[in-house]
Amino acid sequence: MTLPDSFIQRQQLDASMADTFLEHLCLLDIDQEPITARNTSIICTIGPASRSVPKLQEMVKAGMNIARLNFSHGSHEYHCETIKNIREAVETVTPDPLYYRPVAIALDTKGPEIRTGLVKGSLPDSLLHPTEVQPLPETLLLLTPPLQITEENLHRGELGVHQSQSSIVSDVVIGHVELLETRVLLELLSQLQGPLIPQPSVHQGQMCQGLVLWQHFQQAAVCRIQSESDKDLDKAHFEEILAESDGVMVARGDLGIEIPAEKVFIAQKMMIGRCNSAGKPVICATQMLESMVAHPRPTRAEGSDVANAVLDGADCVMLSGETAKGLFPVEAVAMMHSICREAEAAIFHQQLFEELRRLTPLSSDPTEVTAIGAVESSFKCCAGAIIVLTTSGRAAHLLSRYRPRCPIIAVTRTPQVARQSQLLRGVFPVLFYPLPAPVWADDVDNRVNFGMDIGKARGFFKSGDMVIVVTGWIPGSGHTNIMRAVSVP
């Protein structure tokens, strides 16, 4: 294939044009540059290490797309202040419309959990390690309601922990605790060999009260979902959960408690695959760059873990302690950004698109048919980008579902739509501020030209490259049915 000299999206192009997956792997070249536009979104958990406005500004510049607030910790007042800081950082770091970066705010609810309280009395030094510790040999872990621990208990080798679920005392058999994690609180993270411990969950009505509606979160996550028919930890019905969800977070830490560690990768691949098939966004989370909590660079294995999550098909990858409490939050975001760009260039996009198209039932929806045609055309002409004009965000969502190789520049006038689109693989949302032109066709041209300006300013494409433009035939949402292949002026 002959490409213009100005063509930018040529990274790993030979591998992407392979006939088989094995040939694709053989053609990958470590000397090629990564893709220009990162397509996988980065979610950063905001905590004491990152909640200041200057630090948040640095993280936005480094590539943060979604700021996550973990409601397992902190008061509502604490999170309100964090939200204010996030908004101030975003608005002040990118005032230029061509470089404005909408950042979504995600609420992660506490969910059902077993969280233990502080131990009264002194603890052995070996139990004060900042990350993970093992109980001392011959140490008996006492799980009781709020308790008084005496020096005599500790000298006998008994460690008492106050825990939040009174029912667990009768459910847990002594000797089944395998791991303790010590931070501000002691958290019981053991794999419990026994029946599922009944725990209350949060309902949608409860979640959407007060703070959530007032602060206008773009995403809200409910943690540790259990299906109605779950009787033990081995009978989770993922399809039931997926059918009722807008998207899924694969929290490997929680999975590692409920299933053996060696099976977590299978669960990750299965859930990401099913989300891709259903066209719903999926997040891969927990310990992705864990060593960067204390070190400026990750381990090589962690880099491979992030890359494989991208190759599996994750829409977003998430940083937890790395940005919430770590010593190098900005460096962690920058590293995640670099790894994602390299991994995205190595995806076998042609095969992925063909499989997604075969799995999708026949559709008479004009928007979906147009999206399929636009993605296929983007492969045929090696487009630098797909520019889509969207009101509700649905057209951008459908384009993302079919995983084009190039970025999707989603031009919208609605800030909420721009922020929510950050959950979707490949979608680069931009806000168009000018009021609609008197003639609707002129307004379409103005928005498309703005998308062109964004793509050139960001380096997605240059003059002479091909782009795919997706628009509607009349104003408003639900009318997208026009696809054009145009040359960048």
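Residues numbered from 1 in each chain as written. Predicted model: local features only at pLDDT ≥ 70, side-chain atom pairs only at ≥ 80, totals over all residues. Heavy atoms only, no water.

1. Looking at the packing of helix 16 (residues 366-380) against helix 17 (residues 394-401)
Okay, so step 1: Contact pair helix 16 / helix 17: the axes reach a minimum separation of 9 Å and the direction vectors enclose 45°. As far as their axial angle goes, helix 17 and helix 16 are oblique. Considering the relative orientation of helix 16 and helix 17, their crossing is right-handed. For the pair helix 16 and helix 17, the contacting residues are T367, E368, A371, A374 and V375 in the first and R394, A395, L398, L399 and R401 in the second.
Okay, so step 2: Grouping the amino acids of the contact of helix 16 with helix 17 by side-chain chemistry returns six nonpolar, one polar and three charged. (Axes fitted to C-alpha atoms, helices over the stretch in contact; angles between N-to-C directions. Helix = DSSP H or I, 4+ residues; strand = E, 2+ residues; numbered from the N terminus. Parallel < 35°, antiparallel > 145°, perpendicular 65-115°, else oblique. Left-handed = near helix turned anticlockwise from the far one by under 90°. Contact = heavy atoms within 4.5 Å. Nonpolar A, V, L, I, M, F, W, Y, C, P; charged D, E, K, R; others polar.)

2. Section: the sheet that holds strand 14 (residues 408-412)
Okay, so step 1: Taken together, five strands build an open sheet; the order of strands is 15-14-13-16-17 and the sheet is mixed. Either end of the sheet is taken by a strand with one partner, and the two such strands are strand 15 (427-431) and strand 17 (480-487). The mean inter-strand angle of the sheet, taken between neighbouring strand axes irrespective of direction, is 20°.
Okay, so step 2: Looking at chain direction, strand 14 and strand 15 are connected through five bridges and run parallel. Within the sheet, the bridge partner assigned to T412 lies in strand 15 and is L431.
Okay, so step 3: Against the sheet, helix 16 makes contact with strand 13 (386-389), strand 16 (466-472) and strand 17, and its axis sits at roughly 20° relative to strand 17, the strand it touches most. (Pairing = 2+ DSSP bridges.)

3. With respect to the packing of aromatic side chains
Okay, so step 1: One pass over the structure, following the stated rule, counts four aromatic pairs.
Okay, so step 2: Ring centres of F432 and F450 lie 5.3 Å apart, and the angle between their planes is 55°; on these two criteria the pair is classed as tilted. Taken together, the residues span a long stretch of sequence, with F432 in the loop between strand 15 and helix 19 (440-458) and F450 in helix 19 at a distance of 18 residues. Each member of the pair, F432 as well as F450, is classed as buried.
Okay, so step 3: Above the plane of the ring of Y78 lies R51, whose end atom (NZ or CZ) is 3.9 Å from the centre. (Phe/Tyr/Trp six-rings, centres within 6.5 Å; stacked < 30°, edge-to-face > 60°. Buried < 20%, exposed > 50% of the residue type's maximum accessible area, 1.4 Å probe, protein only. Lys NZ or Arg CZ within 6 Å of the ring centre and 35° of its normal.)

4. As for helix 11 (residues 264-278)
Okay, so step 1: With 15 residues, helix 11 should reach 21 Å at 1.5 Å per residue; the first-to-last C-alpha distance of 21 Å fits that figure.
Okay, so step 2: Of all the positions in helix 11, only V264, A267, Q268, M271, I272, C275 and N276 are classed as buried. Buried residues of helix 11 fall within an arc of 160° about the axis and therefore sit on the same side.
Okay, so step 3: Two residues or fewer past helix 11, G279 is found with a positive phi of approximately 75°. (Expected span 1.5 Å × (residues − 1). Arc of directions from axis to C-beta.)

5. A few points about the side chain of S320
Okay, so step 1: Note on placement: S320 falls in the loop between strand 12 (316-319) and helix 13 (321-324).
Okay, so step 2: S320 gets classed as buried once you look at its relative accessible area, which sits at 18%.
Okay, so step 3: Excluding residues within four positions of it along the chain, S320 makes contact with T45, R68 and T286.

6. Some remarks on the pairing of strand 13
Okay, so step 1: Here strand 13 shows two buried faces, one formed by I386 and V388 and the other by I387 and L389.
Okay, so step 2: After leaving strand 13, the chain enters helix 17 and then returns to the sheet as strand 14, a path that is right-handed.
Okay, so step 3: Bridge count for strand 13 against strand 16 is three bridges, and the pairing is parallel. What sits directly across from V388, in strand 16, is V470. (Right-handed = clockwise from strand over helix to strand, strands pointing away.)

7. Quick look at unusual backbone geometry
Okay, so step 1: The residue C382 is not glycine, and still its phi comes out positive at about 50°.
Okay, so step 2: A positive phi angle, near 50°, is found at R403, a position not held by glycine.
Okay, so step 3: With respect to the element layout, R403 can be found in the loop between helix 17 and strand 14.

8. Notes on the environment of A410
Okay, so step 1: For A410, the location among the structural elements is in strand 14.
Okay, so step 2: A residue is classified by how much of its surface remains accessible, and A410, at 1% relative accessible area, is buried.
Okay, so step 3: Taking the C-alpha atoms as reference points, A410 and G451, 41 residues apart in sequence, are found 7.9 Å from one another.
Okay, so step 4: Ignoring anything within four residues of it in the chain, the contact list for A410 reads V388, T390, A396, V427, F428, P429 and V430.

9. Digging into the side chain of N276
Okay, so step 1: Tracing the backbone shows N276 in helix 11.
Okay, so step 2: Residue contacts for N276: discarding those within four places in its chain leaves V282, D312, G313, D315, L356 and R403.

10. Remarks on the environment of C44
Okay, so step 1: Along the chain, C44 falls in strand 1 (residues 41-45).
Okay, so step 2: For C44, a relative accessible area of 0% puts it in the buried group.
Okay, so step 3: Considering only alpha carbons, one finds C44 and R68, 24 residues apart in sequence, at a separation of 5.7 Å.
Okay, so step 4: Leaving out residues up to four positions away in the same chain, C44 has contacts with M59, M64, I66, A67, R68, L319, T323 and V333.

11. Points about the confidence of the model for the protein
Okay, so step 1: Scored by pLDDT, the protein has a mean of 78; 72% of the residues are at 70 or more.
Okay, so step 2: Confidence drops under pLDDT 50 across residues 117-151; counting only partners more than four residues distant or on other chains, this segment forms 79 contacts.
Okay, so step 3: Ignoring residues within four places in sequence, the model shows residues 230-235, a span with pLDDT below 50, making nine contacts including any to other chains. (pLDDT = per-residue confidence, 0-100.)

12. Thoughts on helix 17
Okay, so step 1: When you tally the buried positions in helix 17, you get six out of eight residues, the bulk of the element.
Okay, so step 2: Inspection of helix 17 places A395, A396, L398, L399, S400 and R401 among the buried residues, and these make up the whole buried set.
Okay, so step 3: The positive-phi residue at the C-terminal boundary of helix 17 is R403, with phi of around 50°.

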